[in-house]
Amino acid sequence: MQKQAKILAVDDDPDILEAICAVLEAHSYQVVTACDGEEGLGKLREEKPDLMILDLLMPRMDGFVVLKELQDPRRSKYSNIPILILTSVREDASRRRYELETGLQLNVDDYLDKPIDPHTLVTRVEKLLQKRT
């Protein structure tokens, strides 16, 4: 039997998290959630997911800071985890902000706008998980 992929969804909107869980669990994925970037980094350490779905705009620690933290060499063991950005911020605006704040490229594997289309979410998740293997 094939190992069930574990996905970490990080978003401050409980409705979005519920929707992500419903869609992905219906496709036999195990979903772990976090409501901000700080909790997300903790769950990343604890759960060792196969993929992270990350919102950019959140309280306490936003997705931009999470991405910056993941660039730190001390977190290099997480560098192979695909990241799917799921946000209401347009991709070009997100990339510009990240590059201005950090001087680094926005290094993510895929980008999906809210509101989510369930079919597109599953397709993108499957594609990213296949790239990883």
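Placed above this text is the structure.
These numbers were taken from a predicted model, which means no experiment stands behind them.

A. Focus on the overall build of the protein chain. For the protein chain, the count of helices and strands is five helices and five strands. Overall, the protein chain is about 45 × 30 × 25 Å in size when its C-alpha atoms are taken along their principal axes. Taking all 133 residues of the protein chain together, the buried fraction comes to 48%. The contacts of the protein chain with a sequence gap of at least 6 include a subset with a gap of at least 24, amounting to 69%. Within the structure as shown, the protein chain displays about 7400 Å² of accessible surface, and the carbon and sulfur contribution to it stands at 48%.

B. Structural detail: the environment of isoleucine 20. Residue placement: isoleucine 20 occurs in helix 1 (residues 14-25). Sequence spacing of isoleucine 20 and glutamine 105 is 85 residues, and the spatial spacing of their C-alpha atoms is 27 Å. Every residue in contact with isoleucine 20, bar those within four places of it in the chain, is listed here: Ala9, Ile53, Leu86, Ile116 and Leu121.

C. Representation of the pattern of salt bridges within the structure. Enumeration according to the criterion identifies nine salt bridges in this entry. Measuring nitrogen to oxygen at the nearest pair gives 3.2 Å for the salt bridge that ties glutamate 38 to arginine 60. Linking glutamate 38 in helix 2 (residues 37-47) with arginine 60 in the loop between strand 3 (51-54) and helix 3 (63-71), this pair joins segments that are 22 residues apart in sequence. Via salt bridges that share partners, Asp11, Asp55 and Lys114 belong to a single interconnected network.

D. Representation of the nonpolar core within the structure. The biggest cluster of nonpolar side chains holds 24 residues, and the ones touching the most others in it are Leu44, Met52, Leu54, Leu67, Leu70 and Ile85. Those elements that place two or more of their residues in this core are strand 1 (6-10), strand 2 (30-34), helix 2, strand 3, helix 3 and strand 4 (83-87). Setting aside its immediate chain neighbours within four residues, leucine 54 contacts Val10, Gly63, Val66, Leu67, Ile83, Leu84, Ile85 and Leu86.

E. Structural context of the layout of surface pockets. Volume-wise, the second largest pocket comes out at about 220 Å³. Around the second largest pocket, the lining residues are Leu67, Leu70, Gln71, Tyr78, Ser79, Asn80, Ile81, Pro82, Ile83, Asn107, Val108 and Asp109. Sorting elements by how many residues they give to the lining of the second largest pocket places helix 3 first, with three residues. A breakdown of the residues in the lining of the second largest pocket according to their chemical character gives seven nonpolar, four polar and one charged.

Criteria and thresholds
Residues numbered from 1 in each chain as written. Predicted model: local features only at pLDDT ≥ 70, side-chain atom pairs only at ≥ 80, totals over all residues. Heavy atoms only, no water. Helix = DSSP H or I, 4+ residues; strand = E, 2+ residues; numbered from the N terminus. Buried < 20%, exposed > 50% of the residue type's maximum accessible area, 1.4 Å probe, protein only. Contact = heavy atoms within 4.5 Å. Areas by Shrake-Rupley, 256 points an atom, 1.4 Å probe, with all protein chains shown as cover. Salt bridge = Lys/Arg side-chain N within 4 Å of Asp/Glu carboxyl O. Core = buried A, V, L, I, M, F, W, Y, C linked by side-chain atoms within 4.5 Å. 1 Å grid on protein atoms, 1.4 Å probe; cavity = no way out; pocket = protein on both sides within 12 Å on 5 of 7 lines; lining within 4 Å. Points joined across faces, edges and corners; volume = space filled by probe spheres on them. Nonpolar A, V, L, I, M, F, W, Y, C, P; charged D, E, K, R; others polar.

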